[in-house]
Each structure stands twice: as structure tokens, then as C-alpha cells.
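Residues per chain, in single letters:
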Amino acid sequence: MSEATISNPSSGGAPKISKISEAVIRIAGNSQDGIQAIGGFLARLAGRSEQEVMTFMTIPATISGGASIFQVRIGSGEVLSAGDEADVLLAFYQHSYEGHLSSVKKGGMVVYDSDHVTPNPEFEKDYRHIGLPISSRTVEAIGGTAKDKGKNIFTLGLLAKMFDLNVPKIEKLIHERFTGKDESIVKNALAAFHAGYSFSVGHLYETFQFIDAKQKDRPQIVMNGNEALGLGLIAAGVRFGAGYPITPWSDIMELLRRELPKYGGMFIQCEDEIASISMAIGAGYAGKVAVTGSSGPGISLKTEALGWAIMAEVPLIVVDVQRGGPSTGMPTNVEQSDLNIACYGGHGDSPRVVIAPANVEDCFYMAIEAVNIAKKYNVPVIIITDQAIATRIEAFEEPNLEKVCQDISPDLTPVADYKPYDLSTPDGYNPRVVPGTRIMSGKYPIATGLEHDEYGHPTGSPQLHMKMNAKRRKKLQALANEIVPPKVYGPSEGNVLLVGWGSTEGPIREAVDRARAAGDSVSSLHIRHISPLPNGLEEVFAGFNHVFVVEMNDEGLYGYGQLGGLLRSRYCDPKIRGLTKTDGLTFKVKEILDRAKGTIATGIRKL
Amino acid sequence: MSNPITETPARASILAAPAVPTLGEERKGLTKKEVAADHPTWCPGCGDFSVLALYFKLIEKRKLWHEKITTVAGIGCSSRFPYFVQAHGAHYIHGRALPFASGISLSRPDLHLFVFGGDGDAFSIGGNHVNHTARKNIKMSYLIMDNWVYGLTKKQTSPTSPLGFKSKTDIWGAVDQPINPMKQLISAGATFVARTTTTNVNHLLQMMEQAMDHDGFSVIECFSECVEFYEGAFDASNPRKGGKFELVPETHDVTDEMAAYKLADEPFPGKFGVFYKVNRPTKNALEQNIICKAREKVGAKKDWETLQATFNRLK
């Protein structure tokens, strides 16, 4: 809740109503408490109310139990990150209370379950405390043997009261969520919700009301990054995929397995990562643009086959939902440390395309772009996202599906002759002719991992190897010419340029806004096409004294992260420096600004 | 969003000249001349030549069309196969030809799909893929040219090398128990398992035809001598070299799994023919069934309308 709009707590009398433009709510409990469900309801409600929303969650790597949080930021204006500090903390347990109090803004509100939490008097001066017997009241409301299952929905009722949320809309959401289940489940959920909603009267001494959001042109939809990516692939015309389960990629494969049959397609669960990519490449060879995907370790396993697809020039989509590495690493935490393997992973010279969506909406559209690049240039495209973007929920303008959905079925019209590796094309690529296509010259192509001549037959000729290497490189240079360079956020000249990629776009932009509001000269540039890079970035860098590459990976042996290293090798510009971290959490706005300022002020790495 | 790359170039520039025959026409069987491509790189006397010659014969006899044949292989001497066949084909990476071929089989049921490989591909680096392709019963024919040795890399022990075989990696003789291919294939769930040898070409052709006609994952283990690194390995199965070639008895019930294991347990040279053959729904059919049911629910909606229905639930 922005400072300007918050009012002082009134004492006694009816709860006071304050108008607010945004709120950050953190719900802390255990993973089986269903707190993700509350977050999901709030996010969906915000989307339907034309508000902006962004969520952030952590889950333990264990199957059951373990601390878990869900943070949701709802705003009537632009919401760029999940928020550095919470306005309201809902704590279910003592450990939730103690562990997350520090994430609450001074003067913020702590609502705790008095059945489980004993507040610390020391904190009561800094935070407004409201203790409610959430567990026992839930049991009372639902009755029966459910114990305190349903306290998440009870809590949703509390929040609905506190923020004056639209009750009929929430009731509708509850109905939709539990539709198809036992009627008693819906009844219990509604009972818990209303118990929470009415219970709060008289206990909350202040309630809030969001100011109306600006009317949007199209309705908003609400989903997480994994959903947006999976549905984007379907819109792009992808009808075949293969994969192996691994967190946090599995959601995409589950979605495609469930949804593709509706479109006449299929997604195959394979025995391992190598079989998965091989099956997808097989389907790609046969005329589809197929998808496989994984996270960290699985991507390592796929790299030999990826090299074949590059050599044989077969289209392919590989999704890498990054998590903390190396090895099994931090499976449920966010990191951006797979950029190197995405760009360079594999033996030999193996140019491939790497693109990185910047937010949930971008996951949808970049999936379509990836498919079109793969099909046009006969090349594997790696879509690199991360755990944070995969699981965070955002609301965005509904795409015009009639316009964006496409059919990419193979063309089997007979051809006169076909050279799969034609060296005479100016940009190194030509449309593929796939099995099932009659070739009137009687000369049929072989797709191969051996260095080959124009028809795909093996050759040991050094000249051909050099020409084919150049062909595989040239087509990506042609692609680079097609990519529209990213726009600088903020003035195109100044002191500091923050460069980012992937899920960090929001906090970086918010950092720019905050710094500029304080009078600092800061702009940002978000790179969505990592390999090949768009043309002209050197001109952007020339406009600034300092370029910080903000990324969630280690600073490496030489002091800059993975994109930082790539940009330095590409532009030989020593003012490009790293601003990195690997604590497994998304960047806070404050972290970015403090780190950038600290580096410049202390001059640790002088120009 | 900015800059989606949309247009993909049309195929117009390479479209066929005038007389493009329509599909569905009658065509003569392709002759060896029409279907042979590169000259094989195999050593003179290699057993693999027979398999290639009989593949040509199969294509001619069964009147398969160029464009409908897809030949796939992994890595090894035998896996050079696709280069020698004038048809669509792919030479994939070591051990992974089966999942690659599965991608073709499942997405393009209109093609005749043949996979060729050696014992290293099938039982060493790609062992687990054999198990899973068999268990899923993905429709394709897989011919394993088993020579009991790594030939392309010049005589190392293979997973089927018999105990005591002297190779560059076992100079004192192989010490590891060899795989029994037939037992492994049957237990993995392959629905057609046959055994043959390159020295009996009629039998080899019969097995290839039966494998092709089988609706499911059909596997043939075919002994194919490496004259360079394991000369005489299969003499005991070759009547011309004093051995004996015995067929699976006519009384053998091919659907009897235990009887098949018994056959597979016989010491070399054992019996030749179909050990095991059952009908089980293919992965191809099971997936089509899932698709049909899903499409029934969707009704006459266009794809974008189906997606719209999903989006409506995300509002």
C-alpha cells in the first residue's frame, strides 16, 4: 500500500476505510495448507477486476510439509514485481510469524492464527498485530472430520473483508475451482469463506478499498508462465512433444499431455531425457515442429541430440525452465545459470537460437515466435525461462486467438529436386522437404549428423566442412538482421544502464522508476533474444557511463555473470560489469539499486 | 508483443515441374537400380551386404514407394545403411535411433518405417530404449545386425561377445556375461521377435516381410558376420561351413512366452524363425484413441475456438 494513500489507524468505532492503489500480501504457512490456492484466487480476482497482479511463491523441495509462502501484489496501476516488502503478513504458525515478519514494511499489518502463534511483544510497536483463532474457527465453521482443512478459504474470507473484495466474484471463483467435485466440498468452501468474511467484523480496525483500475480494452486472463508457454506452443501449431518429468518443467509437459489430444496432437512421456529430445527431433524430421523441455540436469543430457538437430538442420523447440544448479542443485529455487549451456552446450561448433521471455505474457508470444524461427531457419530454438516466471501468476490482456493461432502442418506437395543442405541459398536456409514427399529427380535426402554434402551424404572434405559450418552460422546472422533491437526503458543516454534478461524485467524496471524518481540517472535494457543478439546494442551501451548486467547467477571467475560474459566477449566493452546473486530468490528492487550504487560509489572495479 | 517472426518462405521456388503424378496411382515395384544410393562402405564379405540386398528386394516385391519409405539408423558399421538406400532416411546418434524413429512413427503413420542397427546400438548404449520401445509397442520394424563385436571402432568387446572372446578391450578374453537378445526382447514386451542370419537369404527375407506386416514393434536379430574382426563367429549356424541351420519347430506356439524363452535358452546356434508374436494394441493406436475421444468432446470447433474455451476458464 503506497505511503501516500495509507491512513493512520483509527481507534475504536467502526472499521475505517482507506483507499489504496496497491497492496502486497504475503501468506506464510506450510506447503499442505493450500496457501497457493488463496494466492490463485486473489490473482484471478484481480484479473477479473482489471487490476494488475503479480505473485511470488516458494515451495519446499519435499513432497509434504515444509514451510511455504505465497506473496501476491495487486495494484490498480502497473505492477512490475511481486514487491520488496509486504503490507500484510498472514502467518499460520510460529515459524511463519518469526520467519517472515522481517519481510513486512514497518507499520504494516500482521494477521496471525492465535491458535498457533504467540506474538513477540517486542515487535508489537513496529507492526500492527491482529490475532484471530483461524484454525478453531475454521473447524467450527465446517465441522465434521475435516479438522482445520479449509483454513485457507477462511483466510480468503478475512482478506475479502479486509480489502473489500467483490464477494459474488469470489463465490463464482470458488464454484469454478471446485466444479465437478462433491457438492459438499463447494458447500464447505463457501461456509469457510463466509465464516472468515463475517468473523472479521469488529476485529479488524481498518479495511481498505482499491481505487478503480483503468478500463482495459480487452478482458484480462490470468495464468502462470508455464501455462502461458504451453498454451503459446499450442497456438503456434505445435502438435507433438516428448518429455521426462523434472521440476519446474513438468507443469508444461502435463499441460501438453492433457491438452494436445484436443487438437489432434500428442505428448509422449519418455523413459529419459535423451529419448525425449530424440523423439521430438524424430517428429521434427518427419515434418512437425515438436517440443521437448527440461530443467538443469535434463538439459545437460539432451545436448548430444541437440547437436544432431543443429547439424541435420531439423526444427525443434527446447524449453529450459531454469532452477538452481549445478547438478540437482536447488530444484525449487530460481536461478539464471543455464544461459551458457543454452548458448554453447554441446560439442563442436553448434549455433542455435536462444530466446528468453521477460514476463508471463511474453511466454505466450515468444513460444509462437520460437516455432516460427525454428520452422523458417530449420534450427533448434531454446526458450529459456526460470522457476520464478514459471510459477508466478500474472494478469494480461487476452490474446486475439483467432489471429495468432496458426497451422504449421507439413507440405507434402511433390518437388522436382531437393537439396536439404543447399549451399547456393544467400542466407543459408531453404524450406525443408519431409518424408512422404515425392522427389521427381529420384534423389532423396538423408538427414545426418555426419558432415555432409548438399544431399546429406557423408563427406570428409575440409572445404565442405567449412562451407557447411558457414551455412549453419550464416542463417543465424540472417535471423539477427530480422530481430528488432530492444528499446531502452528510460532515456537513451545517462549514467547507469541496467541490462537484464528473462524474469528480472519487472524488478529492473521498477528499479529504474524508483531511481529516476529520486533523481538518479538510470535506464534499463531488456534482452529477449540472447542468441543471436539483436544488432546495434553497442550503440545503446555507448550512451551510458556504467552498464550493469543484472542476473541471477554467480559472478564467475572474472567478476560478471553469464550474459555479462557473453556481452563482454561480443562487444569488448570493459564498462560492462556484473550485478549478480544466487540466493535462490528473485531480485528485490532495493537490492538492484543498492548494489549498483555501491559498486559505483566504492569504485571497487574502476573504469 | 514486439517482433514476432511470422512469414515462412513458400515452397513455390522448388515446386515440381510439369508432370507431377497424383498419389494413388499404380506404380511398378522399384528396381534395385532405382533404390540403390551410395556404394556401401562395408568391407568385402561383410554380412550386412545381404541385409541391404534383401531390403531392396523387399521394397521391390512389396511395391513400396520411394517417398513412403523411411530408413533410420544409429551409429555403427551397420548403421550406415540409410546412405545406401535411395529414399528418405536419417542417420541419427549412437543408441538413440529407436526414440528418434518413434517420433516419426507416432507423428507420421503414413510411412513405412525401418530401423537398422547393430548390437552396440541395441543392447549397450541404447539398451533402455529397446526396452521402452518394446513395452510401448510403437509400430516400426527393427533389424539388429548382430556381429558380436564393435566393428566400426575396430574390435572391442560388444554386449553380445561370448565369454572368452579376445578383443582390444579384453586381450585375455571377454569376462562379462553376454546379453541374450531374444530373452531380453521378449521380456521387454516386444510383440514380434524373430531370429535369422545373413547366410540364409530366403529366411532373412521371410522374416523381414513378416516383421513389416506385423502391427507393432517387430524386432529381428540377424547374425551378420564381421569378416574383419570376428571371422567365423557364426559358422556353427551355416551349413556351408559345416554348421546347421535349424528352423523353429512347426509345433512351436508363437504366443507362448515360456516356450519362446526355452527356445532363446538353447546354446548357439539354436533355432531360427519367429520365437514370439502376439497382438497387443500399439502405442500409435492407443494415442489415436485418446485423440479421438478428446476430439469427440471438442466437436466441430476450430483449433483457435478450442483454445479460446481454455482461455475462458483462465479469466
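Residues numbered from 1 in each chain as written. Chains lettered and ligands numbered in written order. Predicted model: local features only at pLDDT ≥ 70, side-chain atom pairs only at ≥ 80, totals over all residues.

> So what about the overall build of chain B? Which residues, and what values?
Broken down by element type, chain B carries 10 helices and 10 strands. Taken over the C-alpha atoms alone, chain B extends approximately 70 × 45 × 45 Å along its principal axes. In chain B, 67% of the contacts between residues at least 6 apart in sequence involve partners at least 24 apart. (Helix = DSSP H or I, 4+ residues; strand = E, 2+ residues; numbered from the N terminus. Contact = placed C-beta atoms within 7 Å.)

> So what's going on with the overall build of chain A? Residues and values would help.
On a plain count of helices and strands, chain A comes out with 19 helices and 23 strands. Against the globule reference of 25 Å for 607 residues, chain A gives a C-alpha radius of gyration of 26 Å, in line with a compact fold. Its C-alpha atoms give chain A principal-axis dimensions of roughly 90 × 60 × 45 Å. When the 607 residues of chain A are sorted by exposure, 55% land in the buried category. By sequence separation, contacts in chain A at least 24 residues apart represent 73% of the contacts at least 6 residues apart. (Rg over C-alpha atoms; globule rule 2.2 N^0.38 Å. Buried ≥ 20, exposed ≤ 12 C-beta atoms within 10 Å, placed from the backbone.)

> Any details on the nonpolar core? Residues and values, ideally.
Within the largest apolar cluster, 266 residues are counted, with the highest numbers of intra-cluster contacts made by Ile317, Ala367, Ile383 and Leu498 of chain A together with Val115 of chain B. It is helix 12 (residues 360–377) of chain A that contributes the most residues to this core, 12 residues altogether. Other than its neighbours up to four places away in sequence, Val115 of chain B contacts Val72, Ala73, Ala97, Leu98, Ala101, Met140 and Tyr142 of chain B. (Core = buried A, V, L, I, M, F, W, Y, C linked by C-beta atoms within 7 Å.)

> I'd like a description of the domain arrangement of chain B, backed by residues and values.
All names here are of chain B. Split into domains, chain B comes out as domain 1 (29–280) and domain 2 (281–315). With centres defined by C-alpha atoms, the gap from domain 1 to domain 2 works out at 38 Å. Counting residues at the interface gives 10 residues for domain 1 and five residues for domain 2. Residue classes in the side of domain 1 that touches domain 2 are distributed as three nonpolar, three polar and four charged. (Domains from an automatic or database assignment. Nonpolar A, V, L, I, M, F, W, Y, C, P; charged D, E, K, R; others polar.)

> Tell me what's going on with the packing of helix 3 (residues 134–142) of chain A against helix 6 (residues 183–199) of chain A, and back it up with residues and numbers.
Each pair of packed helices gets described by two things: the angle between the helix axes and the distance between those axes. Residue and element names in this part refer to chain A. For the pair helix 3 and helix 6, the least separation of the axes is 9 Å and the interaxial angle reads 130 degrees. Comparing their axes, helix 6 and helix 3 come out oblique. Both helix 3 and helix 6 take part in a crossing whose hand is right-handed. Contacts between helix 3 and helix 6 involve Arg137, Thr138, Ala141 and Ile142 on the former and, on the latter, Asn188, Ala191, Ala192, Ala195 and Phe199. Of the residues in the contact of helix 3 with helix 6, the class split is six nonpolar, two polar and one charged. (Axes fitted to C-alpha atoms, helices over the stretch in contact; angles between N-to-C directions. Parallel < 35°, antiparallel > 145°, perpendicular 65-115°, else oblique. Left-handed = near helix turned anticlockwise from the far one by under 90°.)

> Run through the sheet that holds strand 10 (residues 271–277) of chain B, naming residues and quoting values.
Pairing in this open sheet of nine strands is mixed, and the strands run 17(A)-2(B)-1(B)-3(B)-4(B)-8(B)-7(B)-10(B)-9(B) from one edge to the other. The open sheet is flanked by strand 17 (446–448) of chain A together with strand 9 (246–247) of chain B, the only strands paired with a single partner. Sheet topology note: the strand 17 of chain A/strand 2 (residues 88–91) of chain B ladder contains three bridges and is parallel. Opposite Ala447 of chain A, over in strand 2 of chain B, you have Ala90 of chain B as the bridge partner. (Pairing = 2+ DSSP bridges.)

> How would you sum up the confidence of the model for chain A? Please name residues and give values.
Of all residues in chain A, 94% have pLDDT values of 70 or greater, and the mean over the chain is 91. Ignoring residues within four places in sequence, the model shows residues 2–12 of chain A, a span with pLDDT below 50, making 16 contacts including any to other chains. (pLDDT = per-residue confidence, 0-100.)

> Describe helix 9 (residues 283–298) of chain B, and please don't skip the residues or the numbers.
Taking 1.5 Å of rise per residue, 16 residues should cover 22 Å, and helix 9 of chain B covers 22 Å from first to last C-alpha, within 8% of that figure. Once helix 9 of chain B ends, the next one or two residues include Gly299 of chain B, with phi positive near 75 degrees. (Expected span 1.5 Å × (residues − 1).)

> Tell me about the sheet that holds strand 22 (residues 544–551) of chain A, and name the residues and values.
Residue and element names in this part refer to chain A. Spatially, five strands are ordered 18-20-19-22-23 in an open sheet, and the strand pairing comes out mixed. Where the open sheet ends on each side, the last strands, each with one partner, are strand 18 (488–489) and strand 23 (576–580). For strand 19 (residues 494–500) and strand 22, the ladder comprises five bridges, and the chain directions are parallel. From the neighbouring strand, Leu498 faces strand 22, where its bridge partner is Phe548. Across the sheet, helix 16 (residues 505–517) touches strand 18, strand 19, strand 20 (522–526) and strand 22, and the angle it forms with strand 20 is around 165 degrees.

> Break down the domain arrangement of chain A for me, citing the residues and quoting the values.
Buried accessible area, meaning the area lost when the parts come together, often serves as the stated size of an interface. All names here are of chain A. Along its sequence, chain A is carved into domain 1 (3–210), domain 2 (221–404), domain 3 (412–482) and domain 4 (488–602). Between domain 1 and domain 2, the C-alpha centre-to-centre distance is 34 Å. Contacts between the two partners involve 15 residues from domain 1, matched on the other side by nine residues from domain 2. For the side of domain 1 that touches domain 2, the elements supplying multiple residues, two or more each, are helix 1 (35–48) and strand 3 (52–58). Ranked by residue count, the leading element in the side of domain 1 that touches domain 2 is strand 3, at six residues. Each residue belonging to the side of domain 1 that touches domain 2 can be placed in one class, and the counts come to 10 nonpolar, three polar and two charged.

> Could you give me a rundown of the packing of helix 3 (residues 97–107) of chain B against helix 5 (residues 127–136) of chain B, with the residues and numbers involved?
Residue and element names in this part refer to chain B. Between helix 3 and helix 5, the shortest axis-to-axis distance is 8 Å and the interhelical angle comes to 35 degrees. The residues of helix 5 that touch helix 3, namely those facing Leu98, Pro99 and Ser102, are His129, Val130 and Thr133. The residue inventory of the contact of helix 3 with helix 5, partitioned by class, reads three nonpolar, three polar and no charged.

> Got a sec to walk through the pairing of strand 15 (residues 380–386) of chain A? Specific residues and values, please.
Residues and elements named next belong to chain A. In terms of residue burial, strand 15 counts as a mostly covered element, since seven of its seven residues are buried. Covered by surrounding structure in strand 15 are Pro380, Ile382, Ile384 and Asp386 together with Val381, Ile383 and Thr385, the residues of both alternating faces. Pairing of strand 13 (residues 316–322) with strand 15 involves seven bridges; the strand directions are parallel. Residue Val318 lies in a different strand from strand 15, and its bridge partner there is Ile382. Where strand 14 (residues 353–355) and strand 15 come together, three bridges link them in parallel fashion. Within the sheet, the bridge partner assigned to Val354 lies in strand 15 and is Ile382. With helix 12 bridging strand 14 and the parallel strand 15, this β-α-β connection has right-handed handedness. (Right-handed = clockwise from strand over helix to strand, strands pointing away.)

> I'd love a proper account of the pairing of strand 3 (residues 112–118) of chain B, names of residues and values included.
Each regular strand shows side chains that alternate between the opposite faces of the sheet. All names here are of chain B. Strand 3 sits mainly inside the fold: six of its seven residues count as buried. Inspection of the sheet shows strand 3 paired to strand 4 (residues 140–146) by five bridges, in the parallel sense. Bridged to Val115 within strand 4 is Tyr142.

> Now, about the environment of Pro40 of chain B: what can you tell me, with residues and values included?
All names here are of chain B. Relative to the helices and strands, Pro40 resides in the loop between helix 1 (32–35) and helix 2 (48–61). Exposure remark for Pro40: the 17 C-beta atoms within 10 Å place this residue in the partly exposed category. Expressed as a C-alpha distance, the spacing of Pro40 and Tyr261, which sit 221 residues apart in the sequence, is 36 Å. In this structure Pro40 touches Phe49, Leu52 and Phe84, once residues within four positions along its chain are discounted.

> Hey, could you go over the interface of chain B and chain A for me, with residue numbers and the actual values?
Each partner contributes to the interface: chain B provides 60 residues, whereas chain A provides 75 residues. Ranked by residues supplied to the side of chain B that touches chain A, first place goes to helix 3 of chain B with eight residues. In the side of chain B that touches chain A, the residues fall into 29 nonpolar, 19 polar and 12 charged.

> Break down the environment of Val319 of chain A for me, with residues and values.
Residues and elements named next belong to chain A. Take Val319: it is sitting in strand 13. The spatial distance from the C-alpha of Val319 to the C-alpha of Thr292 is 6.4 Å, given a sequence separation of 27 residues. Filtering out sequence-adjacent residues up to four positions away, Val319 remains in contact with Leu229, Trp249, Ile252, Val291, Gly293 and Ile383.

> Lay out the confidence of the model for chain B in plain terms, naming residues and giving numbers.
Residues and elements named next belong to chain B. Across chain B, the average pLDDT comes to 93, with 92% of residues at 70 or higher. Scored below 50 in pLDDT, residues 12–21 makes 12 contacts in the model with residues more than four places away or belonging to other chains. Taken together, the chains of this predicted complex give a pTM of 0.94 and an interface ipTM of 0.94.

> Quick rundown of unusual backbone geometry? Include the residues and the values.
Most peptide bonds take the trans form, and the phi angle of most residues other than glycine is negative. Ser531 of chain A connects to Pro532 of chain A through a cis peptide bond whose omega is -5 degrees. Positionally, Pro532 of chain A belongs in the loop between strand 21 (529–531) and helix 17 (537–542). Following Phe268 of chain B, the chain continues to Pro269 of chain B via a peptide bond in cis, the omega torsion being 10 degrees. Inspection of the secondary structure assignment puts Pro269 of chain B in the loop between helix 8 (257–264) and strand 10. Not every positive phi belongs to a glycine, and Glu50 of chain A is a case in point at roughly 60 degrees. Structurally, Glu50 of chain A can be placed in the loop between helix 1 and strand 3. The residue Lys154 of chain B is not glycine, and still its phi comes out positive at about 75 degrees. For Lys154 of chain B, the position within the fold is in the loop between strand 5 (149–150) and strand 6 (156–157).

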